[in-house]
Amino acid sequence: GFGPTITFRKNLKLSAFFNYRTGCDIVNGTQMTTTNMYAYNNQSTAVLKRWRRPGDVTDMPRALWNSGYNWLGSDRYVQDASFLRFRTVTLRYSFAPDFLKKIKFRSCSAYITAENLYTFTHYVGQDPEVTTTSTNPFTVVTDNSNTPPSLTITLGLSVSF
């Protein structure tokens, strides 16, 4: 990751942090499950453009209830999971030394922090930042729509006497 820090007039500081990943492909397991047209489970609206009769031009195979191979993994579910995430931004105001002497504080600052603001990606799944717990370098990383990180906003006051 990377991030700039900008200070204005010695008492106002803006810090940001971005993290990224590039060149990583993952299997969109949710898409594989919701477009398999294998049984009675819920399906994505993407299956509405499935192949139905000779001459149809589509990238969605035909529906085969309880048979066929649509439920098997294939390269149509492998997607580029490159992303740039605006992870954190903090705006901090540090009170002036003259003011601190009057209220008998050594230091005092107020801040607001926002986390997980936006993710720039072409990945169509829930969250491109999928990890695996395996140490095997040949493990296939699969996105099964785990909940992505939530937007969090924190207000704070830091005081030292």
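The preceding data block contains the structure.
Residues numbered from 1 in each chain as written. Predicted model: local features only at pLDDT ≥ 70, side-chain atom pairs only at ≥ 80, totals over all residues. Heavy atoms only, no water.

Visitor: How should I be thinking about the pairing of strand S5 (residues 83–94) in this particular structure?
Guide: On any regular strand, side chains alternate: one points to one face of the sheet, the next to the other face. Bridging between strand S2 (residues 12–21) and S5 involves ten bridges; their strand directions are antiparallel. Bridge assignment links Lys 13 to a residue of S5, and that residue is Arg 92. Direction of pairing for S5 relative to strand S6 (residues 107–121): antiparallel, over a ladder of eleven bridges. Residue Phe 83 lies in a different strand from S6, and its bridge partner there is Thr 121. (Pairing = 2+ DSSP bridges. Helix = DSSP H or I, 4+ residues; strand = E, 2+ residues; numbered from the N terminus.)

Visitor: Would you explain the environment of Lys 104 in this entry?
Guide: Tracing the chain through its elements places Lys 104 in the loop between helix H2 (97–102) and S6. Distance from Lys 104 to Phe 161, taken between C-alpha atoms, is 7.0 Å for residues 57 residues apart in sequence.

Visitor: Just to check I follow, could you spell out the sheet that holds strand S3 (residues 25–28) for this structure?
Guide: Strand pairing in a sheet takes place through backbone hydrogen bonds and is either antiparallel or parallel in direction. Across the sheet, three strands lie side by side as S4-S3-S7; this open sheet has mixed pairing. Both outer strands of the open sheet, strand S4 (78–80) and strand S7 (142–143), are each paired with one neighbouring strand and no more. Across three bridges, the pairing between S3 and S4 is antiparallel. Pairing of Val 27 across the sheet is with Val 78, part of S4.

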